[in-house]
Amino acid sequence: MSLATLETPCLMLETGRLDHNLGRMGERARALGVRLRPHLKTAKSYDVARLATAGEFGGITVSTLAEAEYFLAGGITDLLYAVGIVPSKLPRAARLVEAGAHLTLILDSVETARAVAAFADLRRVAFAVLIEIDTGEGRSGVLPEAADLVEIGTALEQPPYCRLQGVITHAGHSYAARDLETVARIAEAERSGAVRAAERLRAAGLSVPVVSVGSTPTALHARHLSGVTELRAGVYMFGDLFQAQIGSCTLDDLAVSVLATVTGHHRDAGHLLIDAGALALSKDRSTADAPHDYGFGLLVHADGTPFAQELRIFKVYQEHGLVRAADGALPFDELPIGAQVRVLPNHVCMTAAMYDRYHLVKNGALAGEWTRTNGW
C-alpha cells in the first residue's frame, strides 16, 4: 500500500512518535511517585491502550460508557468513567460490573451520591466512587472546602455494595496557560486542592485511598505530587498544536495528522483548497493570545516533513479547508490539484473524533490500521 491508495481525508498515526510520547509520560509518573492511569478519551483504541498500559498497573480512564464497553471487550477491566454519573446511566454501568469490570464512577452532589448508593444496594452491584473536586477549572466538582464534601462521602460509604474510593480533579484550564510557570502554578493548585479535600474526608473518619489528578500540561510540569496517588492524562499520547504552543511537546512529537488532498487553486485570491474542512479537522483554532497563529491547522508534506514556508488553514467549511502561506506566495506548482498533504491538528481530541480508524505510519511507510471506537 501507498498513501496514494488512501481515500482522503483520513487519520494518520506515526507509531514511532507514539512510542516516544508514551515512554516519556511513563517515566514522568515514575519520577513523581504516582501510578499512571492513561486517559483514552482521545485515542479510543484498544491497540493504543495496550501500549499505553504496558509497564503500568493496567487501569485506564474513559469518557463514555461506550468506551468502557469497548475496552472491557478487549480485556481491560479496571475502568474509571471520568464524567459525572447520573441515575439514568446506572443500569448500563451495572451491566459493566456484572460483565467483569472494576468500574469507578465520579460525582459531585449529595443527591447523586444517595442515588448511587441506593441503586447499588438494590441491584447488589459494587461501585467504587470518587468525589470530583473543583481545583480551578470551574466546570464541575465541589470546592475542597465545600460544606457538603463530607456529607457526599458519608452518603457513599454504604458497604458492601457502594464505597467511597477517593477524590478526583482535572485542571483542564491548564490548556489556556501561555507559559510553563503558569502551568506549574495550576498544577500545584490542582494537587493541593485534591489533597486538602482528601484530608478533610479522612479527618471525618472516611477512607480515601485514591487521590487522582491529571491533565497533560500539569502532569508534565508539576513540581511535585506529594499526597497524590494517581495521574491521569491523555493527549500526551498524540500531542497537538495546542500542546506544542504551551511547551508540553514539540512539533516533532505530534503523532497524529490528517491526510488530505488538494482540490483547487485560487491564485487570484492567494489560497488553495483541500478536502479536509471543519468535520475532518474540527473548528478549534489558534486563539488571538496564542504564541503563534496556526489557524485551523498546519500543513506538512504527505511524508510528514515541513514545507519551506509555513502553510496554514485560515478558514474551514464543512468539507473544505482554505490554505494560505503565512508569509509570501503559496507554492502552487509544488502542490498541484490531486497532491496529498498532511494537516497537524490544533486539538487532536476533537479532530480524531470523526474517524473510525488510524492508518499507521512506521519508518515512513504504511504499516496497517488500528480501529477506534466512537459515540456514547
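Structure shown above.
As a convention, each chain's residues are numbered from 1 in the sequence order in which they are written. Where local features are concerned, this predicted model is filtered to residues with pLDDT of at least 70; where side-chain atom pairs are given and counted, the filter is 80 or more; whole-chain, interface and lining totals use all residues. As a rule here, side-chain values come from all non-hydrogen atoms in the structure, and water together with hydrogens is ignored.

### What about the sheet that holds strand 6 (residues 127-132)?
- Any two strands with at least two DSSP-identified bridges between them are counted as paired. Only DSSP runs of H or I reaching four residues or more are called helices, and only runs of E reaching two or more are called strands; each is numbered from the N terminus. Reading across from one edge, 2-9-8-7-6-5-4-3 is the order of the 8 strands in this open sheet, with parallel pairing throughout. The open sheet is flanked by strand 2 (35-36) and strand 3 (60-62), the only strands paired with a single partner.
- By the bridge criterion, 6 bridges tie strand 6 to strand 7 (residues 162-168) in an arrangement that is parallel. Bridge assignment links Val-129 to a residue of strand 7, and that residue is Leu-164.
- Residues are treated as being in contact if the distance between any of their heavy atoms lies within 4.5 Å. To get an axis, fit a line to the C-alpha atoms, keeping to the stretch in contact for a helix; angles then go from 0 to 180 degrees between the N-to-C directions. The sheet contacts of helix 4 (residues 90-98) involve strand 5 (102-107) and strand 6, and relative to strand 5 the element is tilted by about 155°.
- Packing of helix 7 (residues 180-203) onto the sheet brings it into contact with strand 6, strand 7 and strand 8 (210-213), and relative to strand 8 it is tilted by some 160°.

### Re unusual backbone geometry
- In this model, Thr-8 is joined to Pro-9 through a cis peptide bond whose omega is 0°.
- Going from Pro-159 to Pro-160, the amide bond is cis rather than trans, its omega being 10°.
- Residue placement: Pro-160 occurs in the loop between helix 6 (149-156) and strand 7.
- For Arg-124, which is not a glycine, the phi torsion comes out positive at approximately 60°.
- Mapped onto the secondary structure, Arg-124 falls in the loop between helix 5 (110-123) and strand 6.

### Quick notes on the pairing of strand 11 (residues 271-274)
- Neither face of strand 11 is left uncovered, since the one carrying His-271 and Leu-273 and the one carrying Leu-272 and Ile-274 both have all their residues buried.
- In terms of strand pairing, strand 10 (residues 256-266) meets strand 11 through 4 bridges, oriented antiparallel. Of the residues in strand 11, the one forming a bridge with Val-262 is Ile-274.
- Linkage of strand 10 to strand 11, two consecutive antiparallel strands, is achieved through a turn of 4 residues, within which Gly-270 is found at a positive phi near 75°. With a 1.4 Å probe rolled over the protein chains alone, any residue whose accessible area is under 20% of its type maximum counts as buried; one over 50% counts as exposed, and the rest are partly exposed.

### Observations regarding the packing of aromatic side chains
- Under the pairing criterion, centres of Phe, Tyr and Trp rings, with the six-membered ring standing for Trp, must be within 6.5 Å; the plane angle then separates stacked pairs below 30 degrees from edge-to-face pairs above 60, leaving the rest tilted. A complete count under the given rule lists 3 aromatic pairs for this structure.
- By definition, being over a ring means that NZ of Lys or CZ of Arg is both within 6 Å of the ring centre and within 35 degrees of the ring normal. When the ring centre of Phe-57 is taken as reference, the NZ or CZ atom of Arg-35 above it lies at 3.9 Å.
- Residue placement shows Arg-285 over the ring face of Phe-296; its charged tip is 5.2 Å from the ring centre.

### Observations regarding the side chain of Arg-200
- On the secondary structure map, Arg-200 appears in helix 7.
- Of the side chains with opposite charge, Glu-145 lies nearest to the buried Arg-200, which makes no salt bridge, at 4.2 Å.
- Polar contacts, as used here, are pairs of N or O atoms within 3.5 Å; protein pairs need one atom able to donate a hydrogen and one able to accept it. Residues neighboring in sequence count only if both atoms are side-chain atoms. Among the polar contacts made by the side chain of Arg-200, one reaches the main-chain carbonyl oxygen of Ala-146 at a distance of 2.9 Å.
- Here Arg-200 is in contact with Pro-144, Glu-145, Ala-146, Leu-149 and Val-150, once residues within four sequence places are set aside. In this tally, Lys and Arg are treated as positive and Asp and Glu as negative; His is ignored, and so are the chain termini. Salt bridges, as used here, are contacts in which a Lys or Arg side-chain nitrogen is within 4 Å of a carboxyl oxygen on Asp or Glu.

### Observations concerning the packing of helix 5 against helix 6
- In the contact formed by helix 5 and helix 6, the axes pass within 8 Å of each other and the chain directions differ by 5°. Our classification of the angle between helix 5 and helix 6 gives roughly parallel. Here Val-110, Ala-113, Arg-114 and Ala-117 of helix 5 lie close against helix 6, whose contacting residues are Glu-151, Ile-152, Ala-155 and Leu-156.
- Residue composition of the contact of helix 5 with helix 6, grouped by class: 6 nonpolar, no polar and 2 charged. Here roughly perpendicular refers to angles of 65 to 115 degrees, roughly parallel to angles under 35, roughly antiparallel to angles over 145, and oblique to all remaining angles. For this classification, Asp, Glu, Lys and Arg are treated as charged, while Ala, Val, Leu, Ile, Met, Phe, Trp, Tyr, Cys and Pro are nonpolar and the rest, including Gly, are polar.

### With respect to the side chain of Asp-240
- For Asp-240, the location among the structural elements is in the loop between strand 9 (230-231) and helix 9 (241-245).
- Buried and without a salt bridge, Asp-240 has Lys-41 as its closest oppositely charged side chain, separated by 8.8 Å.
- Here the side chain of Asp-240 touches Val-348 through a polar contact of 3.0 Å, landing on its backbone nitrogen.
- Contact partners of Asp-240, with chain neighbours within four places excluded, come to Val-235, Cys-249, Leu-254, Pro-345, Asn-346, His-347 and Val-348.

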